Every structure is written in C-alpha cells, then in structure tokens.
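Residue-level listing of the chains:
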Amino acid sequence: GENVEQHPSTLSVQEGDSAVIKCTYSDSASNYFPWYKQELGKRPQLIIDIRSNVGEKKDQRIAVTLNKTAKHFSLHITETQPEDSAVYFCAAISRGGNKLVFGAGTILRVKS
Amino acid sequence: DAEITQSPRHKITETGRQVTLACHQTWNHNNMFWYRQDLGHGLRLIHYSYGVQDTNKGEVSDGYSVSRSNTEDLPLTLESAASSQTSVYFCASSELRAGEQFFGPGTRLTVL
C-alpha cells in the first residue's frame with residue numbers, strides 16, 4: 001500500500017522568509033496530492049492540492065510542485081506570516097485507490 | 001450552510017466500556033471517513049464508507065466498527081475501549097473519492 005514520508009518534522013523560519021516542506025510517496029500510481037493545514041486545536045483544512053497531470057500549482061503565497069519520476073512533492077510558502085504557524089500535512093491517493101494516506105505532519109513556526 | 005458535526009466533543013470513559021462517536025454531515029456526500037490523530041502519526045484512517053450500507057476497514061481498524069444506514073451519518077463504535085484508543089478522532093466527508101475532504105471539529109476521547 002501507499003506510504004507517505006514527510007520532512008522536516010519541525011521548521012522554524014523568520015517572518016518574511018520562505019518555507020519548504022517535502023513529501024515522498026511509494027505508490028507510482030498515486031495521482032492526487034493534497035496539503036492540509038491544521039491550526040492549534042482546530043480541524044485540518046485543505047490549502048492546496050495537485051493532480052498527477054500537473055507539475056506545479058500556485059495560489060497566492062502557496063505553491064505545490066510534483067516530481068512523478070522521483071515520487072516526491074513539496075509545499076512552498078513564500079513571505080511567511082505569523083498566521084502561517086500551524087501543522088501541515090501532505091497526503092496521497094492512488095488512481096482507483098480508496099485510501100488517502102497522510103504524512104506525519106510538519107510543525108511550522110513563523111517567528112516575528 | 002452545509003456542515004459536518006461531531007459529538008460529543010470530549011469524552012472520558014473507562015476501559016472495557018462501549019463508546020459511540022457520532023458524525024453528521026449535511027453536504028449529502030457519499031464518502032465519509034474516520035481518522036484518529038496521535039502525536040507523531042499524523043492522521044490514520046480507521047474506517048470509511050462510499051455510500052449507504054458500504055463500510056471498509058482502514059489501516060487501524062482493530063477494535064472499531066462503523067455502520068452507514070443513511071447518507072448523513074457514520075457513527076464510530078469502540079466495542080470495548082482500551083487505553084491505547086485515547087486519541088483525537090476526526091470524521092470527514094468528500095464529494096469525490098480523490099478530492100477535498102471536509103473535516104469535523106474532532107472528538108477528544110480519553111480512556112482511563
């Protein structure tokens with residue numbers, strides 16, 4: 001089955017700097033890769049997702065890149081702000097697959 | 001507005017007791033999921049359902065059961081609660097199997 005590894009487990013950046021979180025997956029048939037943000041005490045919420053027919057997707061300060069050959073995808077946050085501080089989860093699901101498998105999460109701290 | 005709710009939000013129970021956590025969504029989504037969240041493990045899938053009368057095991061299903069008698073509800077039952085089941089439980093629903101999942105607010109369960 002699918003296995004998703006996420007790095008780093010914690011990340012501290014200065015306000016205004018960029019943050020990058022990386023995930024690798026094991027199932028070459030995976031075709032959907034969402035990223036969720038979870039603020040302290042809150043529910044996870046989707047912030048961006050990408051499908052395997054696209055290499056990159058952007059939404060304002062957030063972007064996701066996908067390298068199918070290497071089986072990894074990354075979340076990029078530019079011009080970080082204190083409100084970006086949260087836990088970020090990557091996930092993957094395969095075509096015809098029935099399980100969204102999550103990474104272990106990255107705690108992002110943005111220092112002002 | 002459509003939403004997904006969970007009850008109770010907090011529950012303390014004793015080892016060996018049967019516990020049922022409720023999940024109710026008003027989006028009319030066919031797909032519903034139960035996850036548990038523990039430090040260092042991210043979100044792990046317990047059970048999921050693709051429609052009425054359909055239920056499937058996830059990666060950590062032992063000791064849990066679900067039933068789907070209508071589109072709106074997917075209750076999660078712990079047949080005989082164990083201390084290892086102390087966790088935060090999230091219910092989610094989605095329109096597409098490989099698409100955005102909307103999470104409920106979570107239930108914090110403590111088994112003493």
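In case you missed it, the structure is sitting above this.
For the structure given in this document, a descriptive report is provided here. (Residues numbered from 1 in each chain as written. Chains lettered and ligands numbered in written order. Predicted model: local features only at pLDDT ≥ 70, side-chain atom pairs only at ≥ 80, totals over all residues. Heavy atoms only, no water.)

### Notes on the interface of chain B and chain A
Now for step 1: Taken together, the contacts link 21 residues of chain B with 17 residues of chain A.
Now for step 2: Both sides of the chain B and chain A interface together cover about 1600 Å² of buried area, and 55% of this is carbon and sulfur.
Now for step 3: Contact with chain A buries surface across chain B, with B:Leu43, B:Ala98 and B:Phe103 losing the most and accounting together for 30% of the total.
Now for step 4: At the surface where chain B touches chain A, the tally comes to 0 salt bridges.
Now for step 5: In this structure, the connection of chain B to chain A is made through 5 residue pairs in polar contact (both at pLDDT 80 or more). (Contact = heavy atoms within 4.5 Å. Buried area = accessible area lost by both parts, 1.4 Å probe. Salt bridge = Lys/Arg side-chain N within 4 Å of Asp/Glu carboxyl O. Polar contact = N/O pair within 3.5 Å; in protein donor to acceptor, adjacent residues only side chain to side chain.)

### Here's the deal with the nonpolar core
Now for step 1: Membership of the largest hydrophobic core comes to 25 residues, with the highest contact counts inside it found for A:Trp35, A:Phe73, A:Leu75, A:Tyr88 and A:Leu108.
Now for step 2: For this core, the elements supplying multiple residues, two or more each, are β2 (10-14), β3 (19-25), β4 (30-38), β5 (45-51), β7 (62-67), β8 (72-77), β9 (86-94) and β11 (106-111) of chain A.
Now for step 3: One finds B:Val60, B:Val66, B:Leu74 and B:Ala81 within the second-largest nonpolar core, a separate group that totals 18 residues. (Core = buried A, V, L, I, M, F, W, Y, C linked by side-chain atoms within 4.5 Å. Buried < 20%, exposed > 50% of the residue type's maximum accessible area, 1.4 Å probe, protein only. Helix = DSSP H or I, 4+ residues; strand = E, 2+ residues; numbered from the N terminus.)

### Looking at the pattern of salt bridges
Now for step 1: Enumeration over the complete set of coordinates arrives at 6 salt bridges over all chains.
Now for step 2: One salt bridge in this structure joins A:Lys37 and A:Glu39, with 3.5 Å as the shortest N-O distance.
Now for step 3: For A:Glu39, a relative accessible area of 36% translates into the label partly exposed.
Now for step 4: Across the salt bridge formed by A:Lys57 and A:Asp49, the nearest N and O atoms sit 2.9 Å from each other.
Now for step 5: Classification of A:Lys57 by relative accessible area gives partly exposed; the value is 35%.
Now for step 6: Put simply, B:Arg36, B:Asp38 and B:Arg44 are held in one network by salt bridges that share partners.

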